[in-house]
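Chain by chain, the residues:
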Amino acid sequence: MPLKIMKLAIEATSLISVNPLITRLFYEVPAALEGPTELTIDPASFWTDTGGAATVLPVLTAENSSFEVFINGVLQMEDISTYTPGATGVGSLVLTIPDGSSVLAGSPVVLVVTNYAPTSDVDIVT
């Protein structure tokens, strides 16, 4: 009998789903801001997608989440914002307006929080 490579006969299929949960919150800057300054936005100051008042900033799931901040429709650099999840008195979004920058009164601030709840299903046939 000739030499032969011996191996296991295994077939596997996998189904992976990322399952994003997206929360969009909206705020309108009440007065013009000139940097350097900070703007702290409380959860109750945000509106939800349905126009209702927000009550809490969502918790960020470790290693499976992100948040983005848009001012006047423009995505902002990560280091100008500090995000703290929680309800009024605990949670907040703090925007650091750098020297030489400004935000006009009435400018929309949109906070987008995305948490992923990945699942996987593996089927192995031997």
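These figures come from a predicted structure and were not determined experimentally.

Rules used throughout
Residues numbered from 1 in each chain as written. Predicted model: local features only at pLDDT ≥ 70, side-chain atom pairs only at ≥ 80, totals over all residues. Heavy atoms only, no water. Patch = residues over 30% accessible without salt bridge, like charges linked within 9 Å, V, L, I, M, F, W, Y side chains within 5 Å. Areas by Shrake-Rupley, 256 points an atom, 1.4 Å probe, with all protein chains shown as cover. Salt bridge = Lys/Arg side-chain N within 4 Å of Asp/Glu carboxyl O. Helix = DSSP H or I, 4+ residues; strand = E, 2+ residues; numbered from the N terminus. Buried < 20%, exposed > 50% of the residue type's maximum accessible area, 1.4 Å probe, protein only. Pairing = 2+ DSSP bridges. Axes fitted to C-alpha atoms, helices over the stretch in contact; angles between N-to-C directions.

A. Examining a nonpolar patch on the surface more closely. Together, Leu-8, Ile-10, Val-122 and Ile-124 make up a nonpolar patch on the protein surface, roughly 440 Å² of accessible area in all. By secondary structure assignment, the location of Ile-10 is in the segment before β1 (11–17).

B. A look at the pairing of strand β12 (residues 108–116). Taken across its nine residues, β12 has seven buried, putting it largely inside the fold. Here strand β2 (residues 20–28) pairs with β12 via nine bridges, running antiparallel. In the strand pairing of β12, Phe-26 is matched with Val-110. When strand β6 (residues 65–71) meets β12, the two strands line up antiparallel, connected through seven bridges.

C. Focus on the sheet that holds strand β8 (residues 81–84). In spatial order, the strands read β4-β10-β8; together these three strands make up an open sheet with antiparallel pairing. Taken across any chain shown, the strands that pair with only one partner, and hence form the sheet edges, are β4 (37–41) and β8. Neighbour-to-neighbour, the strand axes of this sheet turn through a mean angle of 15°, independent of strand direction.

Function cannot be inferred from these measures alone, as they are strictly geometric.
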